[in-house]
Amino acid sequence: MALPRLLQLLPRVLLTWSGCGRLLHRAASAPTALDFSSFVARTNTCGELRSAHVGEEVTLYGWIQYQRQDRFLVLRDFQGLTQILIPQDEAHAHVKKLLVNAPVESVVRVTGIVCPRPPGQENLKMPTGNIEVKAETAEILNSCKKLPFEIKDFIKKSEALRMQYRYLDLRSFQLQYNLRLRSQVVMRMREYLCNLHGFVDVETPTLFKRTPGGAKEFLVPSREAGKFYSLPQSPQQFKQLLMVGGLDRYFQVARCYRDEGSRPDRQPEFTQIVDIGGFLRGSDIQFIQNVLSYPNGTVKAICIPQGKRYLKNKDLDLLKVSAKSQFNQEIMEIICRPDGSLKSLLTKSLGEEEQSELIQALGMQVDDVALLAAGGHKQVCSTLGSLRLESADLLEAAGLVLRDPRTFHFLWVVDFPLFLPKEENPTELESAHHPFTAPHPSDTSLLYSDPTKVRSQHYDLVLNGSEVGGGSIRIHSAEQQRFVLEKVLKEDSEVLSHLLEALECGAPPHGGMALGLDRLISLIVDAPSIRDVIAFPKSFRGRDLMGNAPDYVTPEELEPYHIQVSWPLEEKEAKKS
């Protein structure tokens, strides 16, 4: 078959044989032509019937949303709701008994006639609110047992319970909306990149090898003793290798694996975090002096406008607990009183003139609250970036309107440092982004003389205060890449010999960017967590509460991988008991 003809038929074949909720029946004989309806038992979905369908016989499939007065039930499927009129006459007594006794959330088939609703009983909030279907026949396809929670968006459920019964939570209107919108966004991305700009969608391998820099990676054992695969934290190297291979416009919706389930999102906002280390350097405050004595020590603060008026003491305590639990960072609050003075443990060591200078430096006004953090530069910025967003959530919960979820404000962050001092050893350097990021053209000479002063060609995209994407121009010179790995980062370049060899084979200048799809969609739908835009997410600690993963495997299953588990003593005792 010619390729163009195959490409024309493929979507029709997929449409015929796939689709959640499309219940198939066996045809008596194979159809002579593609006939979609010959495979589909229902005639319509629960969201498409209108006044124009009045008088038609239809067959609907769906879940029972609710019942009332033994006269009506509402049927739900992926597209909407339809009211079913339960017959009351003796001839249809068996239909009435079946539908009245069916538990809520049971899956049923109903065949009946589309009728207009009586005058005054229309429901303008429902797209199908002008009609109802008078049931003629019905069948319970699967009865539903008592559920751990009702499938209604207004019913409050703990996140742990929602994740344990995710297949039920997915039936909610909000999750259905989120996931369908996500699908549409991805489709628009593909159409834009492929159809308009000639990009190629390439799927890169999931099993690779451990590489230096970046986040911690999951390891996968192999059957060769002592050898492990690594799940890629991003397809970074494959991106570059595709550029070398001539696929200069490549993209994919990639699954990234990072072994940092308990780590928070890092969202430093360099333009709104005020550095007051220089101002406090001359003070007599001992812990400030101790912090500033380290090479990467810093003191920064953010100001929460009207924080005292809208935030309670428990809210401030919540922010402190969050900073401590997520970042191991202590926080000190500074409150501006009505008389213009400051209330804080810090200000006891500052005179009136110094307090006035601090107010000016932070831009504080009456009832403002500032949060101060002192420590390593990276840790302090990450903490305050997170607290800035958390405080905004608390202010809005208290009634102060700060952000319009219908508007989208984008911001580019550039001129990042190429290297940062390691927190565990400030005399050594690590990549601020990743070891493949190219230095700023104006700073190339500094790479070889003073790498701490080199800016990177790294860029982040921020939407409504949250980082949604980032990328960089990559190093395309093998010589420069080897220098960065060996001389600056003190890494073994042999681990990346395949990449270095590729860069020696005519690698063009190249760069790229990755959008955090989960975070982007969560901002679009104004979801409180990215877990609300992922079908089957992991918990905060990386566990699958529905399938109870990760789970134990037997010694016999581990044997082919040359692995033995060394149990801590308390776990040994627990397993025995």
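Heads up: the structure comes first, above all this text.
Cut-offs and rules
- Chains are numbered independently. Their residues run from 1 in the order of the written sequence.
- In view of the model being predicted, local features appear only for residues whose pLDDT reaches at least 70, and side-chain atom pairs are presented and counted only at 80 or more, with totals across whole chains, interfaces and linings using the full set of residues.
- Each side-chain value is derived from all of the structure's non-hydrogen atoms; neither hydrogens nor water enter the calculation.
- Stacked, tilted and edge-to-face are the three classes applied to pairs of Phe, Tyr and Trp rings, where Trp contributes its six-membered ring and a pair requires centres within 6.5 Å; stacked means planes under 30 degrees apart, edge-to-face means over 60, and tilted covers the rest.
- In this text, helices come from DSSP runs of H or I with a minimum length of four residues, and strands from runs of E with a minimum of two, each type numbered from the N-terminal end.
- Under the scheme applied here, a residue whose accessible area is under 20% of the maximum for its type counts as buried, over 50% as exposed, and between as partly exposed, the area being computed with a 1.4 Å probe on protein chains only.
- Strands are labelled as partners when DSSP assigns at least two bridges between them.
- Between the N-to-C directions of two axes lies an angle of 0 to 180 degrees, each axis being a line fitted to C-alpha atoms and, for a helix, fitted only over the stretch in contact.
- Should any heavy atoms of two residues lie within 4.5 Å, those residues are considered in contact.
- Salt-bridge detection follows one rule: a side-chain nitrogen of Lys or Arg within 4 Å of a carboxyl oxygen of Asp or Glu.

Enquirer: Looking at this structure, I do not really get the packing of aromatic side chains. What am I missing?
Expert: In this description, a pair of aromatic rings is defined by centroid distance and the angle of the planes. This structure, assessed with the given rule, holds five aromatic pairs. On the numbers, 6.3 Å between centres and 80° between planes, the contact of Trp412 with Tyr459 is edge-to-face. One end of the pair, Trp412, is in strand E15 (residues 410-413); the other, Tyr459, is in strand E18 (residues 458-463), with 47 residues separating them in the sequence. A relative accessible area of 49% means that Trp412 is categorised as partly exposed. Between Tyr448 and Phe483, the aromatic rings sit 4.5 Å apart at their centres with planes inclined by 50°, giving tilted as the arrangement.

Enquirer: In this structure, what is going on with the environment of Glu224? I would like to understand it.
Expert: Tracing the backbone through its elements, the reader meets Glu224 in the loop between strand E7 (219-221) and strand E8 (228-230). By relative accessible area, which is 48% here, Glu224 ends up partly exposed. In the structure, Glu224 is positioned 337 residues away from Tyr561 in sequence and 6.9 Å away in space, judged by C-alpha atoms.

Enquirer: Please explain the sheet that holds strand E19 (residues 466-473) as it appears in this structure.
Expert: If you walk across this open sheet you meet the four strands as E15-E18-E19-E20, and the pairing is antiparallel. One side of each edge strand has no neighbouring strand; the edge strands of this open sheet are E15 and strand E20 (511-515). Averaged over neighbouring strand pairs, the angle between their axes works out to 20° when direction is ignored. Inspection of the sheet shows E15 paired to E18 by four bridges, in the antiparallel sense. Looking at the pairing, Val413 lines up with Asp460 of E18. Its contacts with the sheet place helix H16 (residues 517-524) against E18, E19 and E20, and it is angled at close to 145° to E19.

Enquirer: Hey, could you run me through the sheet that holds strand E12 (residues 332-336) in this one?
Expert: Sheet strands pair via backbone hydrogen bonds, and the direction of the pair is either parallel or antiparallel. If you trace the five strands from one edge of the open sheet to the other, you get E10-E11-E14-E12-E13, paired in antiparallel fashion. Of all the strands in the sheet, the pair left with one neighbour each is strand E10 (274-275) and strand E13 (342-343). Sheet topology note: the E10/strand E11 (residues 297-304) ladder contains two bridges and is antiparallel. Each residue of the ladder has a partner; that of Asp275, found in E11, is Lys300. Docked against the sheet, helix H12 (residues 377-397) engages E11 and strand E14 (369-376), running at close to 10° with respect to E11.

Enquirer: Looking at this structure, how should I read the pattern of salt bridges?
Expert: For side chains of opposite charge, pairing can occur when their charged atoms come near one another. Counted under the stated rule, the structure contains 21 salt bridges. Measuring nitrogen to oxygen at the nearest pair gives 2.8 Å for the salt bridge that ties Arg171 to Glu105. Taken together, the positions of Arg171 in the loop between helix H4 (166-169) and helix H5 (173-197) and Glu105 in the loop between helix H2 (93-101) and strand E4 (107-116) put the pair 66 residues apart, joining distant regions of the chain. Overall, the relative accessible area of 5% leaves Glu105 in the buried class. Between Glu159 and Arg531 there is a salt bridge whose closest N-O contact spans 3.0 Å. Taken together, the residues span a long stretch of sequence, with Glu159 in helix H3 (residues 159-164) and Arg531 in the loop between H16 and helix H17 (555-558) at a distance of 372 residues. For Glu159, a relative accessible area of 34% gives the class partly exposed. Through salt bridges with shared partners, a single ionic network connects Arg162, Arg166, Asp169 and Asp532.

Enquirer: When you look at unusual backbone geometry in this model, what are you seeing that I'm missing?
Expert: Glycine aside, the phi torsion of most residues is negative, and most peptide linkages are trans. Cis geometry is adopted by the peptide bond preceding Pro550, which originates at Ala549 and carries an omega value of 0°. Secondary-structure assignment places Pro550 in the loop between H16 and H17. Positive phi is not limited to glycine here, since Asn328 has a value of about 55°. Here Asn328 shows up in the loop between helix H10 (313-327) and E12.

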